[in-house]
Amino acid sequence: MKTLFSEHISRLQKVVQDILEKAFLDGLWIYSGKAKTWFLDDQTAPFRINPYFNYFFPYPQAENCWLCLDGKNKPKIYFYCPEDYWVSTPTVPTEAFFAEEFEWILLKSENEIAKFIPNPTACAFIGEDVGLANSLGFSQINPQKILNILNFERSTKTEFEIESIYQAQFSALKGHQAAKEAFFAGKSEFEINLEYLKTTKQSELNVPYGNIMAINYHSAVLHYTALDFDTNTKRYSFLIDAGTTVNGYASDLTRTYAFDSSSEFAELVAKMDKFKLDIIAELSIGINYLHYHTRMQQMISQLLAEHQFIHLSAQQIFEEGISRTFFPHGLGHFLGIQVHDVGGFQQNLRGSHKAPPEAYPSLRCTRDLQENMVLTIEPGFYFIDMLLNSWKNSRYSSAFNWQKIEDFKRFGGIRTEDNIVIRASGAENLTAKAELKV
């Protein structure tokens, strides 16, 4: 990791130097952020680091810390490590693989930072706390032109970032296996989640996103996080969507299981897994992501016709938009420091925005694929009342096999998700690569 990070920070130094020259600024000051207190309370919400800070400094526990960068000299890290007996204080990671790339200054007080910023009007501030930036004298606060450049750079990953995401596959896969075993052992959603957290050595406060542990019809809620305690209901299906992080970089994996491996639902799960792998095998530099999302809609249309959920041809199912009822979300998204990482709609360094088409409003990427983009590929197939009801009074209502659809609502739905990186030769499946070693 040490060599990869050295290459990573070297690239970012060049980016910062270019930014500052174009903006006629002396430096960037990036604030890591601070845990917020709840309304009318002295307790704080879980801390989430400023992703721009984590981009340069891969230590997501760095609360109340600062980075100063000029693109030429070694970046300075102002690391906050107060003496306190009320709360546990952070470990200063001066022995970490990335430590030698920074000049370290330790802060014992939050207010100390002011004396290290001699000319804030000649620098830009990046962070959430605008009030703090104003109090310190910054006038250039989160300039959009600078954020556009950083966001566009973040959309293609360095080998350090790719390796971090790859390493995050291993603990997540072990957690998924533990969750699968807990499901088949008859445990509740709540208990399954506990098994996942124990295996991945996480708490609910530091998972990269809310874990989805959905049994039966709960799988039809795309971001289901309620976690039922019930262990008595007959089980038909289980959908798990959960990840872990390494150096602040996330994995994002989904699997679906049929309780009865000989059922038609199990057949559908296997076909959806194959669809995912088929699309991954097709991914290529220079092709727009929308093309692959459209291809998946056509595959779902074929599935609907073959299994007689809809008594129309696959082509007609696709052309009339019926497949979108069963696959209502996008094929995937950028993955990195943020689970839904930045840059999915941004077409260039200037920040030109390309919105998803009206037919696919939930699509999270409208970019042409480029080398070293990291994305999720996560097709889905669901039975969602809210979406199905709109067809009941349509001219195609008689083409729907309503009785079969009703029978399959107990399964909720299917989603299967791998994390991939675009290479010159095609897509490298980081999840499948890690599965071979777990």
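For clarity, every value in this text was computed on a predicted model and none was experimentally measured. (Residues numbered from 1 in each chain as written. Predicted model: local features only at pLDDT ≥ 70, side-chain atom pairs only at ≥ 80, totals over all residues. Heavy atoms only, no water.)

**Thoughts on the pattern of salt bridges**
For step 1, the next point in the chain: Inspection of the entire model under this criterion finds 27 salt bridges.
For step 2, the next point in the chain: Of the charged contacts in the structure, one is a salt bridge between K198 and E195, with a shortest N-O distance of 3.8 Å. Pair noted here: K198 and E195 are both in helix α6 (residues 189-200), with a separation of 3 residues, about one helical turn.
For step 3, the next point in the chain: Its salt-bridge partner being K404, residue E264 comes within 2.8 Å of it at the nearest N-O pair. Of this pair, E264 sits in helix α7 (residues 264-282) while K404 sits in helix α12 (residues 402-408), and the two are 140 residues apart along the sequence.
For step 4, the next point in the chain: With a relative accessible area of 16%, K404 lands in the buried category.
For step 5, the next point in the chain: Within the structure, one salt-bridge network assembled from shared partners comprises R255, D273, K276, D418 and E435. (Salt bridge = Lys/Arg side-chain N within 4 Å of Asp/Glu carboxyl O. Helix = DSSP H or I, 4+ residues; strand = E, 2+ residues; numbered from the N terminus. Buried < 20%, exposed > 50% of the residue type's maximum accessible area, 1.4 Å probe, protein only.)

**Some remarks on the nonpolar core**
For step 1, the next point in the chain: Judged by nonpolar contacts, the single largest core of 77 residues is most densely connected at W29, F53, F56, F57, W66, L67 and F238.
For step 2, the next point in the chain: Among the elements that make up this core, the one with the highest residue count is helix α5 (residues 159-184) (10 residues).
For step 3, the next point in the chain: Split by domain, this core shows at least three residues from each of two domains, domain 1 (1-142) and domain 2 (159-436).
For step 4, the next point in the chain: Excluding residues within four positions of it along the chain, F53 makes contact with I30, Y31, S32, A62, C65, W66, L67 and I77.
For step 5, the next point in the chain: By size, the runner-up hydrophobic cluster in this structure holds 46 residues, among which are Y292, L331, I377 and L388. (Core = buried A, V, L, I, M, F, W, Y, C linked by side-chain atoms within 4.5 Å. Domains from an automatic or database assignment. Contact = heavy atoms within 4.5 Å.)

**Focus: the environment of N111**
For step 1, the next point in the chain: Within the element layout of this structure, N111 appears in the loop between β4 (103-107) and β5 (123-126).
For step 2, the next point in the chain: Placed 52 residues apart in sequence, N111 and Y59 show a C-alpha to C-alpha distance of 22 Å.

**Topic: the packing of aromatic side chains**
For step 1, the next point in the chain: Applying the stated criterion across every chain, the model contains 43 aromatic pairs.
For step 2, the next point in the chain: Measuring from ring centre to ring centre gives 5.6 Å for F125 and F138, while their planes differ by 50 degrees; the resulting arrangement is tilted. Highlighted residues: F125 in strand β5 and F138 in the loop between α3 (130-135) and β6 (140-141), separated in sequence by 13 residues. Of the two residues, F125 and F138, neither departs from the other in class, the shared state being buried.
For step 3, the next point in the chain: Consider the rings of F183 and F184, whose centres lie 4.9 Å apart with planes at 70 degrees: the pair is edge-to-face.
For step 4, the next point in the chain: Judged by relative accessible area, which is 0%, F183 ranks as buried.
For step 5, the next point in the chain: Judged by relative accessible area, F184 falls into the partly exposed class, the value being 37%.
For step 6, the next point in the chain: An aromatic cluster of at least three residues, connected via ring pairs, comprises F5, F53, F57, Y59, F79, F97, F98, F102, W104, F160 and Y249.
For step 7, the next point in the chain: A cation sits over an aromatic face here: K433 above Y166, 4.6 Å from the ring centre. (Phe/Tyr/Trp six-rings, centres within 6.5 Å; stacked < 30°, edge-to-face > 60°. Lys NZ or Arg CZ within 6 Å of the ring centre and 35° of its normal.)

**Focus: a nonpolar patch on the surface**
For step 1, the next point in the chain: Together, Y85, W86 and V87 give the surface a local cluster of nonpolar side chains, amounting to about 490 Å² of exposed area.
For step 2, the next point in the chain: Take W86: it is sitting in the loop between β3 (76-80) and β4.
For step 3, the next point in the chain: The exposure class of W86 is exposed, given its relative accessible area of 71%. (Patch = residues over 30% accessible without salt bridge, like charges linked within 9 Å, V, L, I, M, F, W, Y side chains within 5 Å. Areas by Shrake-Rupley, 256 points an atom, 1.4 Å probe, with all protein chains shown as cover.)

**Brief notes about the UniProt feature "domain: Xaa-Pro dipeptidase N-terminal" (unreviewed entry) in the chain**
For step 1, the next point in the chain: Within this numbering scheme, the UniProt entry marks residues 4-152 as carrying the feature "domain: Xaa-Pro dipeptidase N-terminal" (unreviewed entry).
For step 2, the next point in the chain: Annotated as residues 4-152, this span is 28% helix and 17% strand, and its ends, taken at the C-alpha atoms, are 20 Å apart. (UniProt positions renumbered as here; feature names shortened; annotations may be inferred.)

**Details of the environment of T244**
For step 1, the next point in the chain: Here T244 is to be found in the loop between β8 (237-242) and β9 (245-246).
For step 2, the next point in the chain: Separated by 93 residues in the primary sequence, T244 and I337 have C-alpha atoms spaced 11 Å apart.
For step 3, the next point in the chain: With sequence-adjacent residues up to four places away left out, T244 is seen in contact with A168, S171, A172, Y196, T200, Q202, P208, Y249, A250 and S251.
For step 4, the next point in the chain: Here the side chain of T244 touches S171 through a polar contact of 2.7 Å, side chain to side chain. (Polar contact = N/O pair within 3.5 Å; in protein donor to acceptor, adjacent residues only side chain to side chain.)

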